[in-house]
Amino acid sequence: MSGITARYWREMPQRYRGEAGKSLSTGKVFFPPRLVEPGNGNRRFKPVKLEYTGELLTFTIIRVAPSGFEKQSPYAIGIIELKGGGRITTQITDIPVENVKIGMKVRVEFRKINDDGHEGIHLYGYKVVPE
Amino acid sequence: MPKEPKVGIIGYGSYIPRYRIKLEEIAKVWGADAVAYKRGLMLYEKSVPAPDQDVITMSVEAARRAIVRAGINPIDIGAVYVGSESHPYAVKPTGTTVAEAIGATPAIHCADMEFACKAGSEGMFVSYGLVKAGLIKYGLGIGADTSQGAPGDALEYSASAGAAAFLFGAKNVLATVDYTTSFMTDTPDFWRRENAHYPSHGGRFTGDPAYFRTSLGCAKMLFEASGMKPQDFRFCVFHQPNGKFPCRVAEMCGFTKKQYETGLLTPWLGNTYSGASPMGLTAILDVAKPGDKIFMVSYGSGAGSDGFVYTVTDAIKGKAKLAPQTHPQLHENKFYLDYGTYAKFRGKIRTAG
Amino acid sequence: MREVAVVGVGVNKWGELWEKSLRDIFVEAALKAMDDADVSKIDALYVGCMAPGLFVGQEHLASLLADYLGQCPIPAARVESACASGGLAFRTAWMDVALGLHDIVLAGGVEKMLDVDGGGATYALATAADQEWEGYNGATFPGLYAMIANAYQKKYRISYDKFRDQLAHVAVKNHDNGLLNPNAQYHMKLTLDAVKNATMVADPLRLFDCSPITDGAASVILCPVEIAKKKFRKHKIIEVIGTGAATDTIALHDREDFTYLKATEIAAQQAYKMANVFPKDIDLAEVHDCFTIAEICVTEALGFFKPGKGGEAAASGVTALDGKMPINTSGGLKSKGHPVGATGIAQIVELTEQLRGEAGKRQLKDPRVGLAQNMGGSGGSTIVHILKSL
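Residues numbered from 1 in each chain as written. Chains lettered and ligands numbered in written order. Predicted model: local features only at pLDDT ≥ 70, side-chain atom pairs only at ≥ 80, totals over all residues. Heavy atoms only, no water.

**Q** Can you tell me about the sheet that holds strand β3 (residues 45–48) of chain B, naming the residues and giving the values?
**A** Residue and element names in this part refer to chain B. Spatial ordering of the open sheet is given by β3-β2-β14, a layout of 3 strands whose pairing is mixed. Looking at the sheet topology across the chains shown, the edges are occupied by β3 and β14 (335–336). Across 4 bridges, the pairing between strand β2 (residues 19–22) and β3 is antiparallel. Considered in β3, the bridge of K22 is made with E45. The strands touched by helix α1 (residues 23–30) within the sheet are β2 and β3, with β2 carrying the most contacts at an inclination of about 55°. (Pairing = 2+ DSSP bridges. Helix = DSSP H or I, 4+ residues; strand = E, 2+ residues; numbered from the N terminus. Contact = heavy atoms within 4.5 Å. Axes fitted to C-alpha atoms, helices over the stretch in contact; angles between N-to-C directions.)

**Q** Requested: an account of the environment of E59(C), with residues and values cited.
**A** All names here are of chain C. You can see E59 is positioned in the loop between α2 (52–55) and α3 (61–68). For E59, a relative accessible area of 43% puts it in the partly exposed group. Separated by 97 residues in sequence, E59 and Y156 have C-alpha atoms that sit 44 Å apart. Leave out the neighbours within four places in its chain, and E59 touches P52, G53 and R78. At 2.7 Å, the side chain of E59 and the side chain of R78 are in polar contact. (Buried < 20%, exposed > 50% of the residue type's maximum accessible area, 1.4 Å probe, protein only. Polar contact = N/O pair within 3.5 Å; in protein donor to acceptor, adjacent residues only side chain to side chain.)

**Q** Go over the packing of aromatic side chains with me, naming the residues and quoting the values.
**A** Taken as a whole and assessed by the stated rule, the structure comprises 35 aromatic pairs over all chains. Centre to centre, the rings of Y8(A) and Y16(A) are 6.2 Å apart; their planes meet at 65°, and the pair counts as edge-to-face. Residue Y8(A) is classed as buried on the basis of its relative accessible area of 5%. Owing to a relative accessible area of 2%, Y16(A) belongs among the buried residues under this scheme. By the ring-pair criterion, three or more aromatic residues cluster together here, those being Y8(A), Y16(A), F110(A), Y124(A) and Y136(C). A cation over a ring is seen here: R69(B) above Y12(B), with NZ or CZ 4.3 Å from the ring centre. (Phe/Tyr/Trp six-rings, centres within 6.5 Å; stacked < 30°, edge-to-face > 60°. Lys NZ or Arg CZ within 6 Å of the ring centre and 35° of its normal.)

**Q** Residue-level account of the domain arrangement of chain C, with values.
**A** Residues and elements named next belong to chain C. The domain boundaries assigned to chain C delineate domain 1 (4–117 + 213–238) and domain 2 (138–205 + 241–389). Its C-alpha centre places domain 1 at a distance of 23 Å from the equivalent point of domain 2. Contacts between the two partners involve 44 residues from domain 1 and, on the opposite side, 38 residues from domain 2. Contact between domain 1 and domain 2 buries roughly 3,000 Å² in total, counting both sides, with carbon and sulfur atoms accounting for 65%. The largest contributions to the domain 1 side of the interface with domain 2 come from W14, C83 and I238, which together make up 24% of the buried area. Our enumeration of links across domain 1 and domain 2 arrives at 1 salt bridge. Put simply, D36 and R356 hold a salt bridge, and the shortest N to O gap is 3.0 Å. Scanning the region where domain 1 abuts domain 2 turns up 14 residue pairs in polar contact (both at pLDDT 80 or more). Considering only residue class, the side of domain 1 that touches domain 2 consists of 22 nonpolar, 15 polar and 7 charged. (Domains from an automatic or database assignment. Buried area = accessible area lost by both parts, 1.4 Å probe. Salt bridge = Lys/Arg side-chain N within 4 Å of Asp/Glu carboxyl O. Nonpolar A, V, L, I, M, F, W, Y, C, P; charged D, E, K, R; others polar.)

**Q** Tell me about helix α10 (residues 262–275) of chain C, and please be specific about residues and values.
**A** All names here are of chain C. For α10, spanning 14 residues, the distance from its first C-alpha to its last is 20 Å, which sits close to the expected 20 Å at 1.5 Å a residue. The set of residues buried in α10 consists of A263, T264, A267, A268, A271, Y272 and A275. Angularly, the buried residues of α10 cover 160° about the axis, an arc narrow enough to put them on a single face. Where α10 is buried, its residues touch β8 (238–247), α11 (292–301), β10 (369–376) and β11 (381–389). N276 occupies a position one or two residues after α10 and carries a positive phi of about 55°. (Expected span 1.5 Å × (residues − 1). Arc of directions from axis to C-beta.)

**Q** I'd like to hear about the domain arrangement of chain B, residue by residue, with values.
**A** Residues and elements named next belong to chain B. Taken domain by domain, chain B consists of domain 1 (8–174 + 318–345) and domain 2 (176–316). Computed over C-alpha atoms, the centres of domain 1 and domain 2 are 16 Å apart. Taken residue by residue, the interface counts 61 residues in domain 1 and 53 residues in domain 2. When domain 1 packs against domain 2, close to 4,500 Å² is buried across both sides, 65% of that on carbon and sulfur atoms. It is M42, C117 and L174 in domain 1 that bury the most area against domain 2; as a group they hold 14% of the surface buried on that side. Between D306 and K118 there is a salt bridge whose closest N-O contact spans 2.9 Å. In this assembly, domain 1 and domain 2 are joined by 22 residue pairs in polar contact (both at pLDDT 80 or more). Where the side of domain 1 that touches domain 2 is concerned, the elements lending two or more residues are β1 (8–15), α2 (34–41), β3, α5 (119–132), β6 (138–146), β7 (161–169) and α11 (326–331). The element that contributes the greatest number of residues to the side of domain 1 that touches domain 2 is α5, accounting for 7 residues.

**Q** Any details on the pattern of salt bridges? Residues and values, ideally.
**A** Throughout the structure, instances matching the rule amount to 48 salt bridges over all chains. Ionic pairing is found between D215(C) and K112(C), a salt bridge with its closest N-O pair at 2.8 Å. Here the residue D215(C) occupies a position in strand β7 (residues 215–224), and K112(C) occupies one in strand β4 (residues 105–112), the gap between them amounting to 103 residues. Summarising the burial analysis for this pair, D215(C) and K112(C) share the class buried. Residue E295(C) is joined to K173(C) by a salt bridge in which the shortest nitrogen-to-oxygen separation is 2.5 Å. Linking E295(C) in helix α11 with K173(C) in helix α7 (residues 160–178), this pair joins segments that are 122 residues apart in sequence. E295(C) sits in the buried class, given a relative accessible area of 2%. Among the residues examined, K173(C) registers a relative accessible area of 7% and is labelled buried. Counted as one network, the salt bridges with shared partners bring together D94(A), R107(A), E109(A), R111(A), K127(A), E131(A), R18(B), D52(B) and R65(B).

As structure tokens, then:
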């Protein structure tokens with residue numbers, strides 16, 4: 001994971017502030033923003049911010065974590081449909097994993113996602129907590 | 001001469017992690033007398049940050065709440081000062097991440113403050129000063145900590161986590177800043193050397209010659225500057241390293257329990273260090289009414305206190321409910337940890353890699 | 001376009017091959033395929049391999065393997081589509097021969113996964129998900145398929161116990177088949193209880209719902225049917241009568257229905273159309289059962305079973321070796337192993353052996369048409385091939 005600095009920095013508008021793109025053709029919200037809309041070729045979008053509340057569409061509890069996440073396991077991770085459109089895959093935190101349920105209402109919070117090893121940068125982003 | 005606009009707090013927010021550990025759970029591990037701690041220091045439980053929380057994440061959440069209450073565009077914030085003794089980086093500012101996350105970059109001044117438990121009120125003081133000087137439209141002062149006490153040390157029973165954020169401005173002020181004072185001396189009662197993992201302290205020396213002398217010195221200056229008496233205030237809040245010190249110092253100043261109990265969080269929250277008296281202030285603002293006067297004295301080892309007198313205005317009406325309030329955060333939705341999980345969360349266990 | 005045949009196949013015992021390097025296992029399987037076809041010289045080489053850089057620190061793989069196979073200066077290319085790399089290498093080799101560029105082409109697949117530890121392997125595999133918007137936040141492959149499984153159970157309103165049983169049946173059936181495959185990584189009979197009580201990996205998927213981490217390689221030799229008829233008479237000639245490939249969003253969250261493998265359906269429809277066959281004409285299928293839930297969703301997308309009925313098919317024995325629609329006669333990824341880049345090629349090896357009538361103890365009775373489905377990521381790419389014995 002070393003050398004992640006530039007990659008991390010570049011995505012701050014999304015990871016920190018939920019900046020997305022709304023299609024001027026269909027009104028669909030794309031997160032992260034895209035240059036071209038799948039299906040219709042539309043290239044006109046307006047910048048919007050994700051609404052920070054939504055609903056859990058599906059989830060699981062990760063008990064075998066990839067490198068960097070070992071000390072966090074078990075953790076719940078799921079797909080969230082946000083109220084104003086747009087979907088994210090992220091961890092459901094501040095809840096005992098056995099209480100997580102499909103359909104539950106959640107709210108986005110700013111959290112630390114990981115560390116780039118012991119001496120690298122801290123990696124921040126979005127997680128969700130029960131509403 | 002046109003009347004100078006009254007500068008003060010236009011928005012505030014607090015953030016408390018959901019995890020707690022009870023004092024008995026810590027005492028059990030170290031063979032300490034839990035009953036004596038509870039009676040002597042008025043400490044019952046403390047907040048614990050989750051592994052995905054630190055000063056930056058809590059500051060961002062507290063700041064977002066302050067912005068919601070202020071109802072301003074964050075791009076107009078001209079300065080952010082985060083005070084903490086547990087900034088996630090030794091070198092690299094906390095404030096830039098906070099400013100970026102709330103959408104206040106790039107036209108913003110930023111510096112991290114460190115002054116033991118006083119760093120939060122410093123950030124408030126400087127933000128207030130810059131707004132008053134007309135240099136910035138809004139200033140954001142934050143006190144936040146994920147403090148650590150060495151395992152088994154007396155500090156481990158109190159060192160906790162939380163953040164309080166205050167936006168200062170000159171319009172729609174919900175609490176004006178009427179007077180400020182500061183009191184500083186070189187008093188080495190608590191410190192952490194470069195590269196040391198846990199802080200050290202002077203034991204009983206942290207009491208009379210440090211906390212009490214400094215807090216009382218600052219309070220006296222504030223009474224003199226304002227020409228006010230304890231009876232003039234509806235609320236007071238002091239630094240609260242445990243439950244006992246702030247009660248004692250308030251009573252020594254002539255305040256009553258009714259005046260200090262609203263802002264007294266430590267018995268159930270623990271000592272949030274730079275967040276301590278600022279968190280107390282958020283709890284007061286949650287219930288304050290127009291016209292209320294608030295007396296605030298922070299304290300940071302090393303040592304110094306900042307004093308503020310606030311007057312609550314009509315603009316406070318309806319603000320509290322716009323974001324999570326402090327006492328509900330403190331008393332609802334708590335998860336209790338055992339010592340092992342707490343030690344894992346706080347990185348107290350040496351692991352491979 | 002020329003018609004293309006498979007005239008040589010080679011695969012060795014898969015598993016934890018501590019003493020062998022990536023190039024060793026690739027060359028062994030390639031030589032076996034060349035010996036099977038009776039050729040010592042090939043005209044071009046395509047190798048499917050997902051992540052040699054992450055697993056063994058080696059890129060520029062195709063040249064290295066052409067060299068160690070003693071075939072320089074032939075053109076060689078590595079083809080990558082995550083876990084569908086093998087299938088895509090086969091399709092690329094098919095295009096090469098069909099278009100008339102080369103006559104004797106080797107399509108191989110290889111992955112050497114055990115040179116990194118468990119966390120490292122989980123990380124390398126997770127790079128097949130969207131790194132920035134899934135992987136960054138801690139998603140893993142078992143995790144993504146587990147999310148598909150939970151969405152499936154919810155969508156089709158199956159009780160947890162019944163659904164858990166259906167998943168377990170897939171694992172038990174594939175392990176039963178693997179017992180009959182000498183090259184399978186696991187020769188281990190599973191019981192439903194063993195699957196349902198195994199260590200949880202990502203709820204509801206347990207250890208035996210997941211394909212293993214495997215070192216392995218496989219190779220096949222392709223040539224025009226016309227040449228096969230003249231020169232390669234050793235075995236029954238197996239013709240590639242259909243091929244299809246399709247993509248879908250790499251991030252699971254961008255799909256309308258998490259349980260629907262759209263790329264699989266589209267690739268299958270292409271292949272069916274080209275081969276002029278229907279799902280009912282397929283005698284056996286090797287499908288991408290990286291997780292038990294995957295086999296259920298894949299068999300639905302291929303048109304073998306109605307949506308929501310794939311689990312029942314596994315539980316009722318329809319997909320067993322002696323069932324009406326045998327799925328994964330080789331043991332599948334589940335028991336044969338899943339060296340990701342090699343999997344798609346090994347599927348072609350299994351179909352070829354079955355269609356030739358050379359599948360030993362697991363031989364089906366006179367199958368004529370077989371289908372292979374190889375999938376990348378959580379369904380972001382799928383390659384389908386249909387083979388027929390002439």
